[in-house]
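Given next are the chains, with one letter for each unit.
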Amino acid sequence: DDTILVAGLNVYPGDVEEKALQHPAIRDAVAFKVKDAMAGERVALQYVSNTVLTDLQVRDWCREHLAPHQVPHLIFAVDQIPRLPNGKINRRKLAAPLEETAARELNYG
């Protein structure tokens, strides 16, 4: 299930992606869940842009167009969204490196 549960509220990745893609400089986007100690899960967003955007610019855009619990907590500009041969996105695979980093920080930080 791709639904993201942020502090008990459902966030659907497609809703976040739809609003991100309405930004004039964003040409591809994927939203996915990452674990969060306070909220249970948070929204993460990877995007491909035609121009250089700061995380703050993307977050501000999302704040204007989404409910507070839908706004991405983590935002990453990437050159390309990795897709499976059938064109789909493996959201769990996108979240795995972030969760591994968080686990290392908790164990060693």
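Counting restarts for each chain, with residues numbered from 1 along the sequence as it is written. Residues qualify for local features only when their pLDDT is at least 70, as the model is predicted, and side-chain atom pairs are given and counted only at 80 or more; totals for whole chains, interfaces and linings, by contrast, use all residues. Excluding hydrogens and water, the side-chain figures rest on all heavy atoms present in the structure.

1. Some remarks on unusual backbone geometry
Of note, the phi angle at A7 is positive, near 50 degrees, even though the residue is not glycine. Along the chain, A7 falls in the loop between β1 (4-6) and β2 (9-11). Secondary structure elements follow DSSP: runs of H or I of four or more residues count as helices, runs of E of two or more count as strands, with numbering from the N terminus.

2. Let's talk about the nonpolar core
By nonpolar core is meant a set of buried Ala, Val, Leu, Ile, Met, Phe, Trp, Tyr and Cys residues that side-chain atoms within 4.5 Å join together. Each residue is assigned to one of three classes by its accessible area relative to the maximum for its type, calculated with a 1.4 Å probe on protein chains only: buried under 20%, partly exposed between the two thresholds, exposed over 50%. V16, V43, L45, Y47 and V58 are the most contacted members of the largest nonpolar core, which has 19 residues in total. Of all the secondary structure elements, the ones that give two or more residues to this core are β1, α1 (13-21), β3 (26-36), β4 (40-49) and α2 (55-65). Should any heavy atoms of two residues lie within 4.5 Å, those residues are counted as being in contact. Ignoring any residue separated from it by four or fewer positions in sequence, one finds L45 in contact with V16, A20, A29, V30, A31, F32, V58, P72, L74, I75 and F76. Grouped together as the second largest cluster of nonpolar side chains are eight residues, A44, I81, L94 and A95 included.

3. Notes on α2
Within an α-helix, residues lying three or four positions from one another point in the same direction, as the helix has 3.6 residues per turn. Taken together, the buried positions of α2 are occupied by V58, R59, W61 and C62. Down the axis of α2, the buried side of the element spans an arc of 160 degrees, and every buried residue falls inside it. Contact partners of the buried residues in α2: α1, β3, β4 and β5 (74-77). Here, the arc refers to the directions that run from the helix axis to the C-beta atoms.

4. A closer look at the layout of surface pockets
Space inside the largest pocket adds up to approximately 250 Å³. Buriedness of a pocket was judged along seven lines, with at least five required to meet protein on both sides within 12 Å; pockets are open sets of points on a 1 Å grid over the protein atoms alone, cavities are sets where a 1.4 Å probe fits but cannot get out, and lining residues have an atom within 4 Å of a point. Around the largest pocket sit 13 residues that line it, and D1, D2, K33, R91 and R92 are the ones nearest its centre. For the lining of the largest pocket, the secondary structure elements donating two or more residues are β3 and α3 (91-108). All amino acids are sorted into three groups, where Ala, Val, Leu, Ile, Met, Phe, Trp, Tyr, Cys and Pro are nonpolar, Asp, Glu, Lys and Arg are charged, and the leftover types, Gly among them, are polar. When its residues are assigned to classes, the lining of the largest pocket shows four nonpolar, one polar and eight charged. Grid points are joined across faces, edges and corners, and a volume is the space filled by probe spheres set on the points.

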